[in-house]
Amino acid sequence: MDHHVKDLGLVKQGRQRIEWADIEMPVLRSIRERLRRERPLAGLRIAACLHVTTETAALMRTLIAGGAQLRLCASNPLSTQDDVAAALVEEQTAVFAIKGEDRDTYYRHINQALDIKPHLTMDDGADLVSTIHSTRQELVKEVIAGTEETTTGVIRLRAMARDGALKYPIVAINDAKTKHLFDNRYGTGQSTIDGLLRATNLLLAGKTLVICGYGSCGRGLASRARGMGAQVIVTEVSPLHALEAVMEGYQVLPMVQAAREGDIFITVTGNRAVIRREHFEIMKDGAVLANSGHFNVEIDIPALLDLAASSREVRELVQEYRMRDGRRLYLLAEGRLLNLAAAEGHPAAVMDMSFANQALVAGRHRPVGGTTEAGSHGDPHRRTDPRAAEISSVVGRGHIS
Ligand code: NAI
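Every value quoted in this text rests on a predicted model; they were computed, and no experiment measured them.

1. Side note on the domain arrangement of the chain
Here's step 1: Here the chain is partitioned into domain 1 (8-179 + 346-395) and domain 2 (186-341).
Here's step 2: One C-alpha centre belongs to domain 1, the other to domain 2; they are set 30 Å apart.
Here's step 3: Each partner contributes residues to the interface: domain 1 has 17 residues there, and domain 2 has 15 residues.
Here's step 4: Both faces combined, the contact of domain 1 with domain 2 buries some 1,200 Å², and carbon together with sulfur accounts for 64% of it.
Here's step 5: A per-residue breakdown of the area domain 1 buries against domain 2 is headed by L78, T152 and H346, which together make up 41% of the total.
Here's step 6: Applying the counting criterion to the domain 1 and domain 2 interface returns zero salt bridges.
Here's step 7: Where domain 1 packs against domain 2, one counts three residue pairs in polar contact (both at pLDDT 80 or more).

2. What about the confidence of the model for the chain?
Here's step 1: For the chain, per-residue confidence averages 92 on the pLDDT scale, and 91% of positions sit at 70 or higher.
Here's step 2: In this model residues 367-391 is a low-confidence stretch, pLDDT under 50, and it forms 47 contacts with partners more than four residues away in sequence or in other chains.
Here's step 3: In the predicted structure, residues 397-401 sits below a pLDDT of 50 and forms eleven contacts with residues beyond four places in sequence or in another chain.

3. Concerning the packing of aromatic side chains
Here's step 1: Summed over the entire model, instances satisfying the criterion amount to three aromatic pairs.
Here's step 2: When the ring of F182 is compared with that of Y186, the centres are 6.2 Å apart and the planes differ by 40°; the resulting orientation is tilted. Placement of both F182 and Y186 in helix 8 (residues 177-200) is noted, with a separation of four residues, approximately one turn of the helix.
Here's step 3: Take F182: its relative accessible area is 31%, and that puts it in the partly exposed class.
Here's step 4: Under the relative-accessibility criterion, Y186 is labelled partly exposed at 36%.

4. Details of the site of the ligand
Here's step 1: In the vicinity of the ligand, 27 residues are found, and the nearest of them are T150, T151, T152, E236 and H241.
Here's step 2: Between the ligand and T150, the relevant distance is 2.6 Å, taken from an oxygen atom to a side-chain nitrogen or oxygen of the residue.
Here's step 3: Interatomic distance of 2.7 Å between a side-chain N/O atom of T151 and an oxygen atom of the ligand.
Here's step 4: Within the complex, the protein chains bury 87% of what would otherwise be the 860 Å² of accessible surface of the ligand.

5. Quick word on the nonpolar core
Here's step 1: If you look at the biggest cluster of nonpolar residues, it comprises 39 residues, and the most contacted ones within it are I46, L59, M60, L63, L72, V95 and M122.
Here's step 2: For this core, the element with the highest residue contribution is helix 15 (residues 348-363), accounting for six residues.
Here's step 3: Beyond its immediate stretch of four places on either side in the chain, L59 contacts L28, L50, M122, F355, Q358 and A359.
Here's step 4: Core analysis: the second largest hydrophobic core is formed by 29 residues, L204, A230, L332 and A333 among them.

6. Some thoughts on the sheet that holds strand 14 (residues 328-332)
Here's step 1: Overall, mixed pairing links the eight strands, which are arranged 9-8-7-10-11-14-13-12 in an open sheet. On the outer flanks of this sheet lie strand 9 (251-252) and strand 12 (308-315), each paired with one strand and no other.
Here's step 2: Pairing of strand 13 (residues 318-323) with strand 14 involves five bridges; the strand directions are antiparallel. The partner of V318 across the bridge, within strand 14, is L332.

7. Re the pairing of strand 10 (residues 264-267)
Here's step 1: Residues I264 and I266 line one face of strand 10 and the alternating positions F265 and T267 line the opposite face, and both faces are buried.
Here's step 2: In the sheet, strand 7 (residues 208-212) pairs with strand 10 via four bridges, with the strands oriented parallel. Among the inter-strand pairings, C212 is bridged to a residue of strand 10, identified as T267.
Here's step 3: Sheet topology note: the strand 10/strand 11 (residues 288-291) ladder contains four bridges and is parallel. In the strand pairing of strand 11, I264 is matched with V288.

8. Structural notes on helix 8
Owing to its 3.6 residues per turn, the α-helix aligns residues three or four sequence positions apart on the same side.
Here's step 1: Here helix 8 is 24 residues long and its end C-alpha atoms lie 33 Å apart, about the 34 Å a rise of 1.5 Å per residue gives.
Here's step 2: The largest bend along helix 8 reaches roughly 35° and is located at D183.
Here's step 3: Of the residues one or two after helix 8, N201 is the one with positive phi, at around 55°.

Scoring rules and cut-offs
- Residues numbered from 1 in each chain as written.
- Predicted model: local features only at pLDDT ≥ 70, side-chain atom pairs only at ≥ 80, totals over all residues.
- Heavy atoms only, no water.
- Domains from an automatic or database assignment.
- Contact = heavy atoms within 4.5 Å.
- Buried area = accessible area lost by both parts, 1.4 Å probe.
- Salt bridge = Lys/Arg side-chain N within 4 Å of Asp/Glu carboxyl O.
- Polar contact = N/O pair within 3.5 Å; in protein donor to acceptor, adjacent residues only side chain to side chain.
- pLDDT = per-residue confidence, 0-100.
- Phe/Tyr/Trp six-rings, centres within 6.5 Å; stacked < 30°, edge-to-face > 60°.
- Helix = DSSP H or I, 4+ residues; strand = E, 2+ residues; numbered from the N terminus.
- Buried < 20%, exposed > 50% of the residue type's maximum accessible area, 1.4 Å probe, protein only.
- Near = heavy atom within 4 Å.
- Areas by Shrake-Rupley, 256 points an atom, 1.4 Å probe, with all protein chains shown as cover.
- Core = buried A, V, L, I, M, F, W, Y, C linked by side-chain atoms within 4.5 Å.
- Pairing = 2+ DSSP bridges.
- Expected span 1.5 Å × (residues − 1).
- Bend = angle between axes of the 7 residues up to and from the residue.

Have a look at this one:
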């Protein structure tokens, strides 16, 4: 079977870790048993671009139990767990993912996943959809629908739908309450702290931690950081979210003021250049910078490089940038999602809820004689079973329901 993973010698370790995660995923296990009995995915080809973690492996097992053929690539170059990738290959999932892969390899892997000619795309950040729409348009005719896991992906897809550019319907998994109210808040909240501690071994108690963005993820992160004794400052661009943070008892400041105060900064906005040149210029010596938003654009790394007189790795996943005035700023995990790059991503119990949505949506597509029970290929509004829309919202060709 075609695949590209780091080391098949890691199969045993990967399998053990997947089994451990599976214990905490009772919802997905029960869906798996039903799909195994009913085989609704027989004949369905799925390309998945997700973080290759133990929980994703549990989802892949579920889709395979339902009869799907799968190809999986990573949705971030640093989030793959190489032992899990190896174990999945042994279980007949074609995986194309290696932790630390460079940009070219990342996109080559996306294309290799798409070589399955998917009926269903499963995205976390919309890289499959954007690749199909830019360079692999010949694939569109066979795609029935797609799913999107995260906030940033849904934002990208809604923009495409608004422009009339989106060529097939997408179920926005992130919009499900059983996703963003739990995964983003409790999952990202806890695992970002986990990543911060694993990368740095810093004591949080007494530190001033600036959280940029008080949305679903920021709320969870702020409450966990406070629980560990940090003084939390929030920065926000939405007045409502800022007010909510004030009423939760956090100090809320404009970024230009927070930049002087913080010992540690974590971005979770989904926005670009949230921390930038004017902020780096006034930060304390020793300030630590990290991101848990989807893309590594929230901290303006080119500006940081431009300001730095020198840089060196001082610890795994910790890069020191020495400013011309002698101050040192520390960037964690190249500004990529800290919880997945430096820790294991979200705990299984919370991914159980997110991935139950993914599995249920996939399970609604029942291929019958080469097409689907859900509707004809000609009408994108009918290509997704309305029952799937009960679980989440659908981003379609210019429509959102
Ligand atoms: P959200 O939309 O609920 O919250 C984002 C918040 O950031 C909003 O309140 C917005 O007003 C604020 N914001 C935007 N620009 C800002 C700026 N320049 N300064 C300060 N605040 C700003 O989004 P959610 O669900 O919290 O997701 C945030 C990011 O995290 C997204 O990129 C999402 O894809 C990603 N994500 C990462 C996960 C992980 O495992 N690390 C898991 C789930 C989501």
